[in-house]
Every structure is written in C-alpha cells, then in structure tokens.
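Okay, here's what each chain looks like letter by letter:
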Amino acid sequence: MSAEPNTVIEPVIGLIGGSGLYDIEGLENKEWRTVETPWGAPSDQLLFGRLDGVRCVFLPRHGRGHPVPPSRLNYRANIAALKIAGVTDVVSLSAVGSLKEELPPGHFVVIDQFIDRSFAREKSFFDTGCVAHVSMADPLCPRIGDVLEAEARALGLPVTRGGTYLVMEGPQFSTRAESHLYRSWGCSVIGMTNMPEAKLAREAELCYATVAMVTDYDCWHDSHDHVTVDAVVKVLLGNADKARTLVRAAIPALGRPRGLCPAGCDRALDNALITAPGARDPALIERLRPIAGRVLAA
Ligand SMILES: CSC[C@H]1O[C@H](OP(=O)(O)O)[C@H](O)[C@@H]1O
Ligand SMILES: Nc1ncnc2[nH]cnc12
C-alpha cells in the first residue's frame, strides 16, 4: 500500500469475534476460506463476504465452537491472515469483566487504553535479524472508535467512550486481590485476549478498535457473585446480538472510501525499523513481507 498523502483507500473491514461470536449474520456471497500465513494457521478459516456492499472478513478468535484458549491463540497468524486477506480496519469484539460499578453487565465500552499483563504469548512479528519498535502510546484507532461510539449511541445501546482494558493471561479468572489491584490502577474492564492482538495489528499497520462487552463484575463486587463461565455465557448471548446490530449499523461509515488514517495507524512502521539493511536476516525479511512489505526495500 502506498502512503502517498492523496491515497484513496477502499476499506476492507476485519471483524474478530470473541466469546459467543463465532459467525456474522447477513454477509452476502459469504465463503469460509483457509488463509495460510508465514506464522502458521489462524484460529479458523476466515469468512469472506460483503455487508451493504462493503468487503468484510470475519475471524472467530477462538475458532468455531471455541476450541482455542487465550494463551494458545496464534495471535500472529490471526493478524497476519487478516492482513493477507486485504483487511485495512479491524473491529475486535470482546467479552470482558467490569472493574467499575458504573459499567454493568450488558454495557459496551469503546476502550482507548490497555495494560498488558499477558506473558505467555508471542508479541511481535519482528525478531533477531529485523528489529522494530512501533509506538503503542495510543493503541486503538480513534477514527474507528468514533464510528462505533456514534452508531452505538444512535442505536440506544449503553456505551461508554474510553476506558482501560487490563489484559490478563488466564485461563483462570483473577483472584480477588488481583481484581482489587486492577481497580486501584483505574482499569475499566478485564479480559484475556486483546493483547498482543492490538500490538500485532499496529505492527501490521492495521487500524484496530475494540468494543468491550461487559458480561460480569469479575470478583471484586460485594453484591455480585464471582464470575463463572455460566454467568458470562448468559449475558454473552444478548451482548452478541447487540454487537451484530452495531456492526451492521457501523459498516456503511467504516466502509466509505477514505484517505490515510489521521491517527497514523496505517503508517506505524514509518519510523520503527532500527536494524541496518546490511544487518538484516534475508529469510526473516521474506517472512515479514506480507506484514511490512511497504517499508522493506525490494
Ligand atoms: C468466556 S469468558 C473468558 C473469555 O472471554 C473473553 O474472550 P474474547 O475477548 O475472545 O471475547 C476473555 O478474554 C476470555 O478469553
Ligand atoms: N471477569 C473476567 N475476567 C477475564 N476475562 C473475562 N471475560 C469475561 N469476563 C471476564
């Protein structure tokens, strides 16, 4: 993709469905296709189709039927597969626990920050032989966030703009002490999946935004039972329906031809590579081409 200032982009929308969202309704000409990547296989096939004429690519994050736990997700393959499929803009739909009284189950949060406490995951496409350091100061695309917030409000969905998503390793839920600690840090919601997903999306120069859908009060709240999968699933089903409605409403605006992202997500690698051309590993460079080809010399 060229990064010329007058570039016109026909967006291709990637939708990552989290817990409870294993399919997307209303896609025209839909087809599940296998996409291979230099980092192995994504969680599942990708579902290609159009919504209101806009090209969309859906990936169930944990695979259909939810066979893959958060720590075993191949985050690099998932993001690489979306990039290889031509995706420009990613909407991540995620179940989360609430860390604030005013964010009850059923509430949506268009988050704007992360604290990454995951530790057992591959977090970068780059490696020995080609080192890159992208900025994560503003980890989510505000342009997509604006659309999601506006459409959620127009639909009358309970939504909050802004909030910090604490990413834990899991798969066990938090201890009560951890839950209180994250609250003392000012975090809004807790989940297990959005990192390193957002970091990898940034390295792949994809715009990325998350709708965090509250399913429970984790385990800190005096007048609510601690979180269980059963309790999460009960709320999830309603949240998933609302998420599908939100996606349908947001697609026309997200799919409109546009210029480069004002936030610069699509140029994240412009000033990120530090390894001198002569010190680069040619095999790694070839592997990186689908992700970083824009900034790697031919
Ligand atoms: C089923 S509750 C825990 C599970 O749900 C969230 O996943 P996702 O972000 O894919 O919706 C959470 O992060 C855990 O993986
Ligand atoms: N309380 C919680 N902790 C971590 N991930 C979650 N996903 C949904 N609820 C959660």
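Residues numbered from 1 in each chain as written. Chains lettered and ligands numbered in written order. Predicted model: local features only at pLDDT ≥ 70, side-chain atom pairs only at ≥ 80, totals over all residues. Heavy atoms only, no water.

## Here's the deal with the site of ligand 2
For clarity, the threshold we go by: We call a residue near a molecule or strand when any one of its heavy atoms sits within 4 Å of it. We define a polar contact as two N or O atoms separated by no more than 3.5 Å, with the added condition that, inside protein, one atom must be a possible hydrogen donor and the other a possible acceptor, whereas residues neighbouring each other in sequence contribute only through side-chain atom pairs. Residue burial considers only the protein chains on display, and all accessible areas are found by Shrake-Rupley using a 1.4 Å probe. Secondary structure is summarised from DSSP: a helix means a run of H or I of at least four residues, a strand means a run of E of at least two, and numbering begins at the N terminus for each.
All residues adjacent to ligand 2 are Ala95, Val96, Gly97, Met168, Phe173, Ile190, Gly191, Met192, Thr215, Asp216, Asp218 and Val227. Interatomic distance of 2.7 Å between a side-chain N/O atom of Asp216 and a nitrogen atom of ligand 2. Between ligand 2 and the protein, one listed contact pairs a nitrogen atom with a side-chain N or O atom of Asp218 at 2.8 Å. Alone, ligand 2 offers 260 Å² of accessible surface; in the complex the protein occludes 94% of this. Those elements that place two or more of their residues in the shell around ligand 2 are β5 (89–98), β10 (189–191) and β11 (207–216).

## Side note on the pairing of β5
Taken residue by residue, a regular strand's side chains alternate between the two faces of the sheet. Here is the rule: We call a residue buried when its accessible area falls under 20% of the maximum for its residue type, exposed when it is over 50%, and partly exposed in between, using a 1.4 Å probe and counting protein chains only. Each pair of strands is called paired provided DSSP finds at least two bridges between the two strands.
For β5, the buried fraction is high: nine of the 10 residues fall into the buried class. By the bridge criterion, five bridges tie strand β1 (residues 13–17) to β5 in an arrangement that is parallel. Within the sheet, the bridge partner assigned to Ile16 lies in β5 and is Ser92. Across nine bridges, the pairing between β5 and β11 is parallel. Note that in β11 the partner of Val96 across the bridge is Val214. By the bridge criterion, two bridges tie β5 to β10 in an arrangement that is antiparallel. Pairing of Gly97 across the sheet is with Ile190, part of β10.

## A word on the confidence of the model for the chain
We apply this condition: Per residue, pLDDT measures the predictor's confidence, with a range of 0 to 100.
This prediction gives the chain a mean pLDDT of 96; 99% of its residues lie at or above 70. Complex prediction metrics read pTM 0.97 and ipTM 0.99.

## Focus: the pattern of salt bridges
For the record, the criterion: The term salt bridge refers to a side-chain nitrogen of Lys or Arg lying within 4 Å of a carboxyl oxygen of Asp or Glu.
For the structure shown, the criterion picks out 18 salt bridges. Arg121 is paired through a salt bridge with Glu169; the nearest N and O atoms lie 3.2 Å apart. Of this pair, Arg121 sits in the loop between β7 (113–116) and α2 (142–154) while Glu169 sits in the loop between β9 (164–167) and α3 (176–184); the two residues are 48 residues apart in sequence, bridging distant segments of the chain. Accessibility assignment for this pair places Arg121 and Glu169 in one class, buried. We note a salt bridge from Arg244 to Asp241, for which the minimum N-O separation is 3.3 Å. Of this pair, Arg244 and Asp241 both sit in helix α5 (residues 229–255), three residues apart, roughly one helical turn. Three or more residues are tied together by salt bridges with common partners; here these are Asp89, Arg143, Arg258, Asp266 and Arg267.

## Side note on the UniProt feature "binding site: substrate" (unreviewed entry) in the chain
Put simply, the rule reads: UniProt positions are given in the numbering used here, feature names are shortened, and annotations may be inferred rather than shown by experiment. Contact definition: two residues touch when any of their heavy atoms are within 4.5 Å.
Those residues carrying the UniProt feature "binding site: substrate" (unreviewed entry) are Met192, Asp216, Tyr217 and Asp218 in this numbering. With respect to the helices and strands, Met192 occurs in the loop between β10 and α4 (194–203). Those residues within four positions of Met192 in sequence are excluded, and the remaining contacts are Pro70, Tyr75, Arg121, Tyr165, Val167, Met168, Glu169, Gly170, Pro171, Gln172 and Phe173. You can call Tyr217 buried: its relative accessible area is 6%.

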